[in-house]
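# Observations on the three-dimensional arrangement
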Amino acid sequence: MSVDPLVLAEGLTKRFGDFEAVAGIDIEVRKGEAFGFLGPNGAGKSSTMRMVACVSPRSGGELRVLGMDPTVEGPKIRARLGVVPQQDNLDNELTVRQNLQVYGRYFGLSRKHVRDKAAELLEFAQLADRADDEVEPLSGGMKRRLTIARSLVNDPELLLLDEPTTGLDPQARHLLWDRLFRLKQQGVTLIVTTHYMDEAEQLCDRLVVMDKGRIAAEGSPSQLIDRYSTKEVLELRFPPGEQDPEPVRDLGERVEVLPDRVLVYTTDGEAALAAAHTRGVTPVSSLVRRSTLEDVFLRLTGRTLVD
Amino acid sequence: MSVGLVWRVLPPGLYARRARAVIERSYLVNRRAWMTVLSGFFESFFYLFAMGIGFSRLIGDVVGPGGQTMSYAAYVAPALLAASAMNGAVYDSTFNIFFKLKYAKVYDGMLATPLGPFDVAIGEVSWALIRGAIYATGFLTVISVVGLTSSPWTILALPVVLLVALAFAAVGMACTTFMRSWQDFDLVQLALLPMFLFSATFYPLSVYPEGLQWIVRLSPLYHAVELMRGLTAGVLEWAMLGHLAYFVVMAVVGLLVAGRRLGKLLLS
Ligand SMILES: Nc1ncnc2c1ncn2[C@@H]1O[C@H](COP(=O)(O)OP(=O)(O)OP(=O)(O)O)[C@@H](O)[C@H]1O
Ligand SMILES: [Mg+2]
């Protein structure tokens, strides 16, 4: 038996009026993998996620989620999805616990089942001591954790996370990564959008970089780094406005100029740094490091990730 | 009315037959806001006391349905029942729903689950009806006990007033989906108040000149008042079928428009 992809998009398009937010993308997400979307603000990540979540009809192209067409079988698909939207939409008229229980009821789960499930998820989100509090006064990070817990109430096969860790403190982020990793081990498929490099590298088996509604690159984090960047990067920091790439331009395969630094892409960063010094280049500070997804991103979109 | 048939002709994916979960949510929320629920309960009694008992002293007996003589309180009580059903249903389905739609984003959350826009519409309208049924039962019991009704047909006023509430809630919700800001709600007031005052609520249709009578007949509240007054007085007429049909049409059109518009707004 061949394993059908959980999500299959061909020429998937989303238009708002004349504006094309998603301009014909092809993606294939396989069962059990963690798939990532990277891209600058407005790239079309959330628009894509909403189409996959069957809450936004596509304007063109083909889309299959769990083997079904969202236009026809939206409710059936949604029954098996977990969704963490970019913007929390918790129910402020209900308590923390009720948010989980009532949400479970929307999925048609029995009262007893949602009672037990809510207790389990409150532990998961570390909100057990706030269980009977209002949602409104929770901190931003707590709300985020509750939204994530809520998305698990129906034991989804496919979990869609739109910037799941935005607003979480480092500890909570690591905890969530750990939880997501465990879900993945249990066979849950994950689709994640993020602005954080480390998150993408940690979580994603495969990712696409989106820009202006199109896919700019696709592959595993290490493949992308191999393909679009060099092994090492030399960072030369200058006071803003004083960075001049000309003296170092030939020291690497490629040079990027950022507001406060010049990046030299090269196989040997130390050698490039020594060469820069002999040419009389005097940066405020310098750093040699390995290439990351950030560099791939910069190369492909001309922008840094968090802007 | 074959409700089942109406839902079967809906496009797939918009209705998951799980409106009950939406009602459950409303129940949980309102359990905590019981003061609001209780104040709504007393509203119709305040009106009855002011209009019915107060004016009764001045006015004495009047000629009611079928030419029978009745106290002014008995004349006006069923009309107040109709008006309070209208008010309750419209407030529930406009202010309340607008807030959840635009600010609280409650429905966005719901639609990420198997629920569809019609589950939301039906669930919310049903809650308005459940509340309306509680109020109406209380009101009908009290006016029967104090002798303001004169017929066992009064019992039918309950299901009929629920149909009236359903119709107003459905149309109210449909209108809400077109509203863009709170300013638009002045229009709701502008529609409700004259309807309340001029729909033959406090005096018979015959006081109006012929031309105006036809305008009053357009008012849905007029048809509700006629139904309530006829039933509590025990005067049943064929015209009542016409009044009922008016509300059936309102309810069906309102719900269809509300569900579709909700889908358009939320599933964008
Ligand atoms: N409902 C809408 N109506 C009109 N335009 C929209 C709508 N939703 C999104 N857009 C536009 O589509 C484009 C892509 O938006 P989208 O939210 O998908 O970006 P994103 O990649 O998620 O960005 P971010 O990283 O900021 O979340 C943006 O230009 C946005 O203004
Ligand atoms: Mg987004």
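Turning to the sheet that holds strand E4 (residues 60-65) of chain A, a few remarks are in order. Residues and elements named next belong to chain A. Spatially, three strands are ordered E2-E1-E4 in an open sheet, and the strand pairing comes out antiparallel. Each edge of the open sheet carries a strand with a single partner, namely strand E2 (19-29) and E4. Taking each pair of neighbouring strands and ignoring which way they run, the sheet shows an average axis angle of 25°. Note: strand E1 (residues 7-16) against E2, eight bridges, orientation antiparallel. Bridged to Val7 within E2 is Val29. Seen against the sheet, helix H1 (residues 45-52) touches E1, E2 and E4 and runs at an angle of roughly 120° to E1.

This part is about the site of ligand 1. Residue and element names in this part refer to chain A. The local shell around ligand 1 holds 14 residues, among which Gly42, Lys45, Ser46, Ser47 and Gln86 are the closest. Contact distances for ligand 1 include 2.6 Å between an oxygen atom and a side-chain N or O atom of Ser47. Within the side chain of His195, an N or O atom sits 2.9 Å from an oxygen atom of ligand 1. Computed on the free molecule, ligand 1 has an accessible area of 630 Å², of which 63% lies beneath the protein chains in the complex.

A separate point is the coordination of the magnesium ion (ligand 2). All names here are of chain A. The coordination sphere of the magnesium ion (ligand 2) contains the protein donors Ser46 (OG) and Gln86 (OE1), at a distance range of 1.9 to 2.1 Å. One end of the pair, Ser46, is in helix H1; the other, Gln86, is in the loop between strand E5 (81-84) and helix H3 (96-106), and 40 residues separate them in sequence. In this structure Ser46 comes out as partly exposed when scored by relative accessible area, which is 21%. On the accessibility criterion, Gln86 (38% relative accessible area) is partly exposed.

The rules we used
Residues numbered from 1 in each chain as written. Chains lettered and ligands numbered in written order. Predicted model: local features only at pLDDT ≥ 70, side-chain atom pairs only at ≥ 80, totals over all residues. Heavy atoms only, no water. Pairing = 2+ DSSP bridges. Helix = DSSP H or I, 4+ residues; strand = E, 2+ residues; numbered from the N terminus. Axes fitted to C-alpha atoms, helices over the stretch in contact; angles between N-to-C directions. Contact = heavy atoms within 4.5 Å. Near = heavy atom within 4 Å. Polar contact = N/O pair within 3.5 Å; in protein donor to acceptor, adjacent residues only side chain to side chain. Areas by Shrake-Rupley, 256 points an atom, 1.4 Å probe, with all protein chains shown as cover. Donors = N, O, S within 2.8 Å, 3.2 Å for Na, K, Ca; no water. Buried < 20%, exposed > 50% of the residue type's maximum accessible area, 1.4 Å probe, protein only.

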